[in-house]
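Spelled out from the first residue to the last, the chains are:
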Amino acid sequence: MKTIPHTQIAEPAVTCSTCSACCCQLEVMLITETGVPERFIDTDDWGGEVMLRLDDGWCAALDRNTMMCTIYEKRPLICREFETGSPECLEERQGIVSVYR
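Right, let's walk through the structure included here. (Residues numbered from 1 in each chain as written. Predicted model: local features only at pLDDT ≥ 70, side-chain atom pairs only at ≥ 80, totals over all residues. Heavy atoms only, no water.)

1. A look at the overall build of the protein
1) Next: When you go through the protein residue by residue, the secondary structure sums to two helices and four strands.
2) Next: If you list the helices and strands of the protein from N to C, you get β-β-β-β-α-α.
3) Next: Counting only residues that meet the buried cut, the protein has 24% of its 101 residues in that class.
4) Next: Of all intrachain contacts in the protein linking residues separated by at least 6 positions in sequence, the fraction that spans at least 24 positions is 50%. (Helix = DSSP H or I, 4+ residues; strand = E, 2+ residues; numbered from the N terminus. Buried < 20%, exposed > 50% of the residue type's maximum accessible area, 1.4 Å probe, protein only. Contact = heavy atoms within 4.5 Å.)

2. Re the nonpolar core
1) Next: Counting 14 residues, the largest nonpolar core has Cys-24, Val-36, Phe-40, Met-51, Ala-61 and Ile-71 as the members making the most contacts within it.
2) Next: Leaving out residues up to four positions away in the same chain, Ile-71 has contacts with Val-36, Pro-37, Phe-40, Met-51 and Ala-61. (Core = buried A, V, L, I, M, F, W, Y, C linked by side-chain atoms within 4.5 Å.)

3. Brief notes about the pattern of salt bridges
1) Next: Throughout the structure, instances matching the rule amount to one salt bridge.
2) Next: The closest approach of N and O atoms between Asp-56 and Arg-64, which form a salt bridge, is 3.1 Å.
3) Next: When its relative accessible area of 31% is taken as the criterion, Arg-64 is described as partly exposed. (Salt bridge = Lys/Arg side-chain N within 4 Å of Asp/Glu carboxyl O.)

4. What to know about the packing of aromatic side chains
1) Next: Taken as a whole, this structure holds zero aromatic pairs when the rule is applied.
2) Next: Taking NZ or CZ as reference, Arg-75 lies 3.8 Å from the ring centre of Tyr-72, over its face. (Phe/Tyr/Trp six-rings, centres within 6.5 Å; stacked < 30°, edge-to-face > 60°. Lys NZ or Arg CZ within 6 Å of the ring centre and 35° of its normal.)

5. Some words on unusual backbone geometry
Trans is the common state for peptide bonds, and a negative phi is the common state for residues other than glycine.
1) Next: Located in the positive-phi region is Met-67, a residue other than glycine, with phi close to 60 degrees.
2) Next: With respect to the helices, strands and loops of the structure, Met-67 is situated in the loop between β3 (62–63) and β4 (68–69).

6. Regarding the environment of Glu-92
1) Next: Here Glu-92 is to be found in helix α2 (residues 87–97).
2) Next: Along the backbone, Glu-92 and Ala-21 are 71 residues apart, and their C-alpha atoms lie at a distance of 9.3 Å.
3) Next: Not counting residues up to four positions away in its chain, the partners in contact with Glu-92 are Cys-22, Leu-26 and Phe-82.

Here's what the structure looks like:
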């Protein structure tokens, strides 16, 4: 009797290019100056500067066709520090799965 070797199938890599940009639905406070254009800045209920989100809840700087940031080089510090594949990223990605079902 022959045995068939078992090969573990790897989970797909977590990359921004295969994501639904779920982090772009989070509130992003502007705590440092990175050059975010004024048209993408809003003020929260407490007077702090945040990234503008449109009526659908997505960041105003997100290109809806490509799901990529249109101000990537000038994105806020919080966006820069939100590491792809981090526990926070994976948690947000898990939460967005139910939206598309």
